[in-house]
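# Architecture at a glance
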Amino acid sequence: MKKIFSFLMLSLVVVSAWGKDYKYEVAPNDPLKARIYTLDNGLKVYLSAYHDEPRIQTFVVVRVGGKNDPAETTGLAHYFEHLMFKGTSNFGTSDYSKEKPLLDQIESLFEAYRSTTDEQQRKAIYRQIDSVSGLAAHYAIPNEYDKLMTAIGSSGTNAWTSTDATNYVENIPSNQLENWAKIQLERFSNPVIRLFHTELETVYEEKNMSLTNDGRKMYEAMLSGLFPHHPYGTQTVLGTQEHLKNPSITNIKKYFETYYVPNNMAVVMSGDFNPDEAIKVIDKYLGQLKSKPVPPLHLPKEEEKMNAVVEKTVYGPDAENIAIGFRFGGAASADADMLKLLDMVLMNGKAGLIDLNILQKQKLLSASSSVMDLVDYQGLLLRATPKKGQTLDDAKALLLEQLDRLKKGEFEEWLLKAVITDFKRMTIQGTESNDARAYAMLGSFVDDVAWKDEVEEVDRLSKITKQQLVQFANERLGNGYVVVYKRTGKDPNELKIDKPEITPIQMNRDAESKFLVDIKESKVTPVAPVFLDFKKDLSVLKTKKTGVEMLYKRNVENVLFDLLYVFNMGANNDKVLPLAVSYLKYLGTDKYTAEQLKEEFYKLGCAFSVSSSSERVYVSLNGLSENMEKALQLFEHLLANAKVNVDAYSNLVEDMLKARGNAKLNQRANYSMLVSYGTYGAFSPSTNIVSEQELKQQNPQVLVDKALALTSYKHRIFYYGPMKSAEVTAMMDKYHKVPKTLNELPAEANFVEQPTKTSKVLFANYEAKQIYLSMLAKLGSYDKSLVPIATLYNEYFGGSMNAIVFQEMREARGLAYSASAYYSMPARLDRATYMRTFIATQTDKMGDAVTAFNTILNDMPESQPAFKLAQDGIIQRLRTERITKSGVLWAYDAAQKLGLDYDIRRDIFDKVPAFTLTDVRNFQQTHVKNLPYTYCILGDEKTIDFDKMATFGPIEKLTQEQIFGY
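Right, let's walk through the structure included here. Quick caveat, the model's predicted, so the values are computed rather than measured. (Residues numbered from 1 in each chain as written. Predicted model: local features only at pLDDT ≥ 70, side-chain atom pairs only at ≥ 80, totals over all residues. Heavy atoms only, no water.)

### Structural notes on the sheet that holds strand β14 (residues 539–542)
What counts, and what does not: A pair of strands is labelled paired if DSSP reports no fewer than 2 bridges between them. Runs of H or I in DSSP of at least four residues are treated as helices and runs of E of at least two as strands, each being numbered from the N terminus. Fitted lines through C-alpha atoms serve as axes, helices being fitted only where they are in contact, and the angles separating the N-to-C directions of these axes extend from 0 to 180 degrees. Note on contacts: a residue pair qualifies if any of its non-hydrogen atoms lie within 4.5 Å across the two residues.
Pairing within the open sheet is mixed, and its 6 strands lie in the order β14-β15-β19-β16-β18-β17. In this open sheet, the two strands that pair with only one neighbour each are β14 and β17 (606–612). Across the sheet, the mean angle from the axis of one strand to that of its neighbour is 20 degrees, orientation sign disregarded. Here 6 bridges tie strand β15 (residues 549–554) to strand β19 (residues 716–721), and the two strands are oriented parallel to one another. Bridge pairing links L551 to F718 in β19. Along the sheet, helix α28 (residues 725–735) contacts β14, β15, β16 (560–567) and β19; its crossing angle with β15, the most-contacted strand, is approximately 140 degrees.

### Some points on the environment of G965
If you trace the backbone, G965 turns up in the segment after α37 (960–964). If near-sequence neighbours (up to four positions away) are discounted, G965 is found in contact with T687 and Q960.

### A look at the pattern of salt bridges
What counts is decided by this rule: Between Lys or Arg on one side and Asp or Glu on the other, a salt bridge is scored when a side-chain nitrogen of the former is within 4 Å of a carboxyl oxygen of the latter. Each residue is placed in one exposure class: buried if its accessible area under a 1.4 Å probe, protein chains only, is under 20% of its type's maximum, exposed if it is over 50%, and partly exposed if it falls in between.
Across all of its chains, the model carries 51 salt bridges by this definition. Of the charged contacts, one joins E456 and K452 as a salt bridge, the two residues approaching to 3.8 Å between their closest N and O atoms. Residue classification places K452 among the partly exposed residues on the basis of a relative accessible area of 22%. Put simply, K734 and E629 hold a salt bridge, and the shortest N to O gap is 3.8 Å. Of this pair, K734 sits in helix α28 while E629 sits in helix α23 (residues 628–641), and the two are 105 residues apart along the sequence. Classification of K734 by relative accessible area gives exposed; the value is 58%. With a relative accessible area of 32%, E629 lands in the partly exposed category. Each of E615, E748, R828, D830 and R831 takes part in one network of salt bridges that share partners.

### Describing the side chain of N555
The cut-off we apply is this: Within 3.5 Å is the distance limit for a polar contact, defined as a pair of N or O atoms, with the added protein rule that one can donate a hydrogen and the other accept it, and that residues adjacent in sequence qualify only through two side-chain atoms.
Of note, N555 is situated in the loop between β15 and β16. A distance of 2.8 Å separates a polar atom in the side chain of N555 from the backbone nitrogen of E557. Apart from the residues lying within four places of it in its own chain, the contact partners of N555 are L560, Y720, G721 and P722.

Written as structure tokens, this is what we have:
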């Protein structure tokens, strides 16, 4: 992650609270005003108060990750992260005294399982594991941690594991801090490993997903080349397939006892709280955790200097591409600052060497530079996708050419100054959300970098001279590096492992531990909800001279602005329009080349872009408000004076055709196009594209004319920034060039959403370990009166880890890493409502997955406690949810598209408390039960059970040409 905060020295402050002196460190002029405490047990606490909404972003981070996995059980850190959601001896169980002997037996059986090589014996042991697990499940209360989080109104419940750390994430209401701390104390004191074999299948499905993630495989290959002796390179975070199928609960327990200690952990919070009060609560609970020494990670000797090129090759279904990596010192080393600056000179998204010399000149289909931000080492990672006719080595040469330019100092002095301005802009942006603020503090802890140094970073970067950077590049970007060639083909390292026979476990939905009951019954002062008042929370203005409507919201927080011209037309209105929009970014004017325009915007600390979707065109300008007027002049100059570049168009056509071919190789792209086909049939917004012949015959001048004519059509201006409304409208009148009468928008193409009168199967072939499955049922048109009950149904049935779908598909059966089902409302009045499901699962689990989905869709399991949690969770979130900043403009825009003149969340808040489980059942039986579905299945036809698939409905096999339209 980027560290973006800069300013002054660290100081020590002592505050007496709750009869105790709390010492904390601060950095004067720190924009986050962060306090860093160290409790008596060694727990670090990072607090940053930000009162934008009555919520708190919380992290509990442990400084342990994939590099700490025992070599014989790789993936352990990651699957233990999953197990931390299974509860303790006090929650997640109805009777731990009866459950524990069974859990001990399961642990013993897994140890026998992993040490047995005879396949028949292994199957016999697994049957025992499944049997005993079924008995243990009688006492388990699945997902009770998620019920606890729902009860206190938390959102974003999640966790992640990296090479260096594991982080547990919650976003809680500000009035629930004490309950959150109480739950976390219990969770981190006393985790119990239960429901293990089904969760292990979930982790294995996540591994299956990674097997078709070519980017992940390339990254892992890069790590193995850069770090041949360090765990970064010798093992992976997800672990091997063999290790995941041979786990050790015993090793997991030892791992927890070794690393999950407070002196190896931190609590990170940003949000609506008083730090003096918050630290008392955190200390009261998490201060009870017992510290003990953390053994050092016995790493091999320091990696030797690289003096030669190390080549790696990986195979996978996606398009071919290449990565080049250089090794540097760790996050706390002297290399870190130089590497950040070097990376931004190479690529900053606007005026870096790669931006201007490769992307702007269309020399590669894609290219990028990034920092591999690891603790013990860091890396510079360059990536590229070749154009048609280019080899991977051609792409490599172009990337290395930019490094040569850097080493020769072939960039202007102003670029370093502009990069520093960009860092300062990012600094300001990094204070605008609790999530970004929390991640900045998390980085300080994980990287073991003092907050003072984080805060001073931009100041240090600003003092680095061009000469110093060039010298660093010459010293460190030598002949020793790693090249990873990603080639299209079957991965020879994939293993075919059949699904285990898992008996669905008992879900015990109505059971509640005393711990959960106590949390639910605890009294907190409720927070009053705040809904948008569109008449007060934004201004709908018109420019005086031109009469263009403007949605205006003042930024009273900082000096950044966002300005957009929004056109309610896109490819649906004119399929050539996206082509014209894409072409525009490669064009110059009579005053500037395309490269010079990028440079001028970057000097101003501003960014310009034009983008197009099926329904809209967005012309965007953002950056430092002090330079808005100059940027706007440049912005309007391009929109009025773009000039044809014939070579740029030829390159664009070539690249678009290559990108289309590459899309056919990508699993998610194939899935997306299949679902679009299931929704609309052959003629859809996704297939409404300019054909290859049309691309080649297109007159570039016609495209330029379309781009120049954009502002002659009806549109809106969206503005969020520090200027007063009169100042903005005056600036628009002065510079925004529009005719006296704006043209009406062209009519949209008529895309017909396909009815689902009877069930059918649409199958498309894609070779992968997993199938992607979506079930679609087209329903009626938008009905705002259904929004409250549909919201409650989604929350109860498919909206969270505590919902029916997650419990049945993942917890009970181990069928998937992710599964969802929801009653989907449209974004426009002329679009239909749908019932949709999704699951990604191992091919041989397809039949079980569809059967399970149909069972719960038609006969929805009912649980009064689960219903009450869903109901209360919605109300808790609405009480503390705030739409602020530019989000107000987009909320107003979204409401208008549905014919609403008020915030629909008010209806949800008013009506949900009165609903009963009977109302949810009636909604399900009226709108969901026994629906016919279009089953969209993407999978490997060589391994699919078509006989089973035929029981879902008649099968139509689709080719790629049919679903992509080319």
